[in-house]
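Structural overview
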Amino acid sequence: MSWNTDEWVPDDRDAPPLDEEPPYDEYRGAFAEAGTGGRPVPAVAPSRYATPAEALRTVFGYDEFRGQQQAVIDRVVAGGDAVVLMPTGGGKSLCYQIPSLVREGTGVVVSPLIALMQDQVDALTAVGVRAAFLNSTQDSGQRAAVERAYVSGELDILYVAPERLASESTKRFLERGTVALFAIDEAHCVSQWGHDFRPDYLALSELAERWPGVPRIALTATATEATHRELTSRLRLEAAEHFVADFDRPNIQYRIVPKVDVRRQLLDFITGEHAGDAGIVYALSRNSVERVAEFLSSNGLTALPYHAGMEAPVRARTQARFLREEGVIVVATIAFGMGIDKPDVRFVAHVDLPKSVEGYYQETGRAGRDGLPSTAWLAYGLQDVVQQRRMIDDSPGDLAHRRRLTQHLDAMLALCETVQCRRVNLLGYFGQRSEPCGNCDTCITPPESWDGTVPAQKLLSTVVRLQRERGQRFGAGHLIDILRGKRTARVDQHGHDALATWGIGADLSESQWRGVARQLIAQELLKPEGEYGVLGLTPESARVLSGDRTVVLRTEPERPERSSRSSSRSVASADLAVEDQPLFEALRSWRAGQAREQGVPAYIVFGDATLRAVAAARPATMSALDGITGIGAKKREAYGEALLEVVAGASGG
Ligand code: ADP
Ligand code: ZN
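None of these values were measured; they are calculated from a predicted model.

Let us now look at the overall build of the protein. The secondary structure content of the protein amounts to 26 helices and 17 strands. Per-residue burial over the protein gives 57% buried out of 653 residues. In the protein, the proportion of contacts linking residues at least 24 apart, taken out of those at least 6 apart, comes to 75%. Summed over all atoms, the accessible surface of the protein reaches about 25500 Å², with 49% contributed by carbon and sulfur.

This part is about the sheet that holds strand β8 (residues 252–258). Pairing within the open sheet is parallel, and its six strands lie in the order β8-β13-β12-β9-β11-β10. The sheet terminates laterally at β8 and β10 (303–306), the two strands that pair on one side only. Geometrically, the sheet is characterised by an average inter-axis angle of 15° between neighbouring strands, direction not taken into account. Bridge analysis of strand β9 (residues 278–282) against strand β11 (residues 329–332) gives four bridges, and the strand direction is parallel. Bridge assignment links V281 to a residue of β11, and that residue is V331. Where helix α11 (residues 286–298) meets the sheet, it contacts β9, β10 and β11, and its direction lies at approximately 170° from that of β10. Its contacts with the sheet put helix α15 (residues 399–417) on β8 and β13 (374–380), and the angle it makes with β13 is roughly 105°.

Turning our eyes to something else, we now look at the sheet that holds strand β2 (residues 106–110). An order of β3-β4-β2-β5-β6-β1-β7 is seen for the seven strands of this open sheet, with the pairing classed as parallel. The strands lining the two open edges of the sheet, one partner per strand, are β3 (131–134) and β7 (241–244). Averaged over all adjacent pairs, the angle separating strand axes in this sheet is 20°, with direction ignored. Sheet topology places strand β1 (residues 82–85) next to strand β6 (residues 216–220); four bridges connect them, and they run parallel. Each residue of the ladder has a partner; that of L85, found in β6, is T220. Lying on the sheet, helix α2 (residues 69–77) is in contact with β1, β5 (179–184), β6 and β7; it crosses β7 at an angle near 160°.

Attention now moves to the coordination of the zinc ion (ligand 2). In this structure, C421 (SG), C437 (SG), C440 (SG) and C443 (SG) serve as the protein donors to the zinc ion (ligand 2), at separations of 2.3 to 2.4 Å. Classification of the site at the zinc ion (ligand 2) rests on its four donor atoms, whose angles at the metal span 102 to 119°, yielding the label tetrahedral. Ordering the donors of the zinc ion (ligand 2) by residue number gives the pattern C-x15-C-x2-C-x2-C. Residue classification places C440 among the buried positions, given a relative accessible area of 0%.

Moving on: the side chain of R346. If you trace the backbone, R346 turns up in strand β12 (residues 345–350). Exposure remark for R346: the relative accessible area of 2% places this residue in the buried category. One polar contact links R346 to S374, side chain to side chain, over a distance of 3.0 Å.

Glancing now at the confidence of the model for the protein. In the predicted model, the protein carries a mean pLDDT of 86, and the fraction of residues at 70 or more is 89%. Every residue in residues 1–46 is under pLDDT 50, and counting partners more than four places away or in other chains gives 120 contacts. Considering only residues more than four positions removed or in separate chains, one finds that residues 560–570, a stretch of pLDDT under 50, has 31 contacts.

Inspection of every chain in the model, using the stated rule, returns 36 salt bridges. Within the structure, one salt-bridge network assembled from shared partners comprises E326, E585, R588, R591 and D608.

Our focus in this paragraph is the site of ligand 1. Y62, G89, K92, S93 and R369 are the nearest of the 14 residues found near ligand 1. One nitrogen or oxygen atom from the main chain of G89 is found 2.6 Å from an oxygen atom belonging to ligand 1. Within the side chain of S93, a nitrogen or oxygen atom sits 2.6 Å from an oxygen atom of ligand 1. In the complex, the protein chains occlude 82% of the 570 Å² of accessible area that ligand 1 would expose alone. The element that contributes the greatest number of residues to the shell around ligand 1 is helix α3 (residues 92–102), accounting for three residues.

Its place among the elements puts R554 in strand β17 (residues 552–554). Of the residues examined, R554 reaches a relative accessible area of 9% and is grouped as buried. Sequence separation between R554 and G452 is 102 residues, and the spatial gap between their C-alpha atoms is 8.8 Å. Beyond its immediate sequence surroundings of up to four residues, R554 is in contact with C416, E417, T418, V419, R422, T442, P447, E448, S449, W450 and Q519.

For helix α4 (residues 117–126), a buried count of nine out of ten residues is recorded, marking the element as mostly surrounded by other parts of the structure. Buried residues of α4: M117, Q118, D119, Q120, V121, D122, L124, T125 and A126, and no others. At the exit of α4 stands G128, carrying a positive phi of roughly 90°.

Glancing now at helix α10 (residues 262–273). A rise of 1.5 Å per residue sets the reference length of α10, with its twelve residues, at 16 Å; its end C-alpha atoms lie 16 Å apart and thus fit the reference within 8%. V262, Q265, L266, L267, F269, I270 and E273 are the residues of α10 that are buried. At its buried positions, α10 is contacted by β8, β9, α11, β11, β12 and β13.

What follows covers the packing of α2 against α3. Where α2 meets α3, the axes come as close as 9 Å, and the angle between the chain directions of the two elements is 40°. Relative to α3, the element α2 is oriented oblique. The element α2 and its partner α3 pack so that their crossing is right-handed. Of the residues in α3, those touching α2 at Q69, V72, I73, V76 and V77 are L94, C95, I98, P99 and V102. Among the residues forming the contact of α2 with α3, the class breakdown is nine nonpolar, one polar and no charged.

Further remarks concern the packing of aromatic side chains. The tally for this structure, following the rule as stated, stands at 13 aromatic pairs. When the centroid spacing of 5.9 Å and the interplanar angle of 35° are considered together, the rings of F247 and F430 count as tilted. Separated by 183 residues along the polypeptide, F247 in the loop between β7 and β8 and F430 in the loop between α16 (422–429) and α17 (441–444) bring together distant segments of the chain. Of the two residues examined, F247 and F430, each falls in the buried class. An aromatic cluster is built from F247, Y254, Y361, Y429 and F430, whose rings are joined through pairwise contacts. The lysine or arginine in question, R210, covers the ring of W211, its NZ or CZ lying 6.0 Å from the ring centre. The ring of F295 carries R263 above its face, with NZ or CZ at 5.9 Å from the centroid.

Analysis parameters
- Residues numbered from 1 in each chain as written.
- Chains lettered and ligands numbered in written order.
- Predicted model: local features only at pLDDT ≥ 70, side-chain atom pairs only at ≥ 80, totals over all residues.
- Heavy atoms only, no water.
- Helix = DSSP H or I, 4+ residues; strand = E, 2+ residues; numbered from the N terminus.
- Buried < 20%, exposed > 50% of the residue type's maximum accessible area, 1.4 Å probe, protein only.
- Contact = heavy atoms within 4.5 Å.
- Areas by Shrake-Rupley, 256 points an atom, 1.4 Å probe, with all protein chains shown as cover.
- Pairing = 2+ DSSP bridges.
- Axes fitted to C-alpha atoms, helices over the stretch in contact; angles between N-to-C directions.
- Donors = N, O, S within 2.8 Å, 3.2 Å for Na, K, Ca; no water.
- Tetrahedral: all angles 85-135°; square planar, octahedral: opposite > 155°, others 65-115°.
- Polar contact = N/O pair within 3.5 Å; in protein donor to acceptor, adjacent residues only side chain to side chain.
- pLDDT = per-residue confidence, 0-100.
- Salt bridge = Lys/Arg side-chain N within 4 Å of Asp/Glu carboxyl O.
- Near = heavy atom within 4 Å.
- Expected span 1.5 Å × (residues − 1).
- Parallel < 35°, antiparallel > 145°, perpendicular 65-115°, else oblique.
- Left-handed = near helix turned anticlockwise from the far one by under 90°.
- Nonpolar A, V, L, I, M, F, W, Y, C, P; charged D, E, K, R; others polar.
- Phe/Tyr/Trp six-rings, centres within 6.5 Å; stacked < 30°, edge-to-face > 60°.
- Lys NZ or Arg CZ within 6 Å of the ring centre and 35° of its normal.

Okay, structure coming up:
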């Protein structure tokens, strides 16, 4: 493995654990049947649906396909291969689930995270699909039960871990039944350009030879052209039709704020805008994960740390609580989140600068899969840039590797420093043109740019003078003290008040100067070096000093942050009519009871979108439930009466 982007941060080799998770049932109460979520596989079930539209309505309770779902499904149902690039929350699952219900045989789904297979199977079982999984958490008896069900054609969908599919015995076993299709989820894991490379995925190229007549569909939410090209060739999908969705996630509000006191800023953000909501906070190191989680907890929030240094059972318990309880915040390294399809994550916050736009987009994409308003919040400061530039310099690996890391970082910095719409920048990175969105910080409070040539010259010449006259180098903090004429022990010790640039920058505040320094580093006009990140010049610096190049900087907002939402009401109920809110809350607490009773996440019972629709429609009869999104035949049967009772109770009382 030559250049996994993570390898130069020793502290976060946090590729999500594959096979070391303990059996999920440790945390959910005992269940008997293997891999079927505790419910017996029905002996007879209506499996084949004549058309995709029928399956969509009857099984999932949705009226129409979204975006390109229909086209993808038609392609696979007809036996063709497909490559599907769709943002998180775009609805990738239906693209292979429905063909699995329409085509003869079992849909085999390759999914990298075995800890989540149970939930995926639970969600399908809840709508009446016969699903199961095969992975290392099962004992041989459980595995044998699933295998029997597959061979006798009693499974619609079978989830398999990639390393299992690589083994000859698994392939032989699959040949004893009928495979309807192969779905390769998180297909970017086969690409080394991306950020989640998994060697096990390479073996999936063999599926093409072994099952030439079986359609294969590869899906991912990672959409750069490089990843797209690489996964197509590595998975031997040359003959596939490609479906590239619009990558915009309009319900996510993107905000990037200058870092001042990041934990306090984070706390204000959460309590001010997302009180009681579920969210993920990403940090770069384990240490920072633990400190942030502790800080949030000590301020009364339910915040749990998650990183690869923790014991597997603790991690699994944290994940289970995040999925099952409402309003849990997980503070995590990048190890957390892939494959977690909890639809009601209301915010994703980054307290450290992500290393690539691809990673950032994928992580923020975990917010708001249900389409309801959500926030992606990132705090970013001088220290982030210093640290990351330095880590790239120190990283092992060849020049090409470092160059790639630099490209990733530069794209991320360009996003942070842009004075244009964040979304236009993000989508542009994925090759999509768009108009200013109105739902990001720069659209809401347009920043200004200013001519920072003179301050840049002051800062650069301080660096030059220290170096030439004294042979010294310092970090940004001390340089700013000199420019602002701030007397400190270090100034006295070195006699820096005698420098020609002493006190010439008193017109800017300390935080403004930090902004200048950060942007100069981002623009590669200053370069952090060595262990302490002392600043040195770059070839371009000379052109600024000589006046041959001007420097355009982004104005730092005086008050670091302005939110567009004033209310601290939970977002899930936002823009629901006031008179419908009590019913919505009643439905939520009914749902919580159901979820607890069955030991499944609340969203497996019903998503927020469905409860909102029920609260607004106030159905009085079973048939009135029919048109409501997310209520299919199975759920209507299981919960219909109970829903009507909650509605009647709330309306009557
Ligand atoms: P992805 O895997 O692409 O992140 P999912 O398949 O988890 O997205 O779908 C995201 C959410 O959208 C889920 O809650 C899903 O039930 C819902 N959804 C998907 N397709 C439709 C549809 N055609 N109509 C309504 N809701 C849909
Ligand atoms: Zn915008």
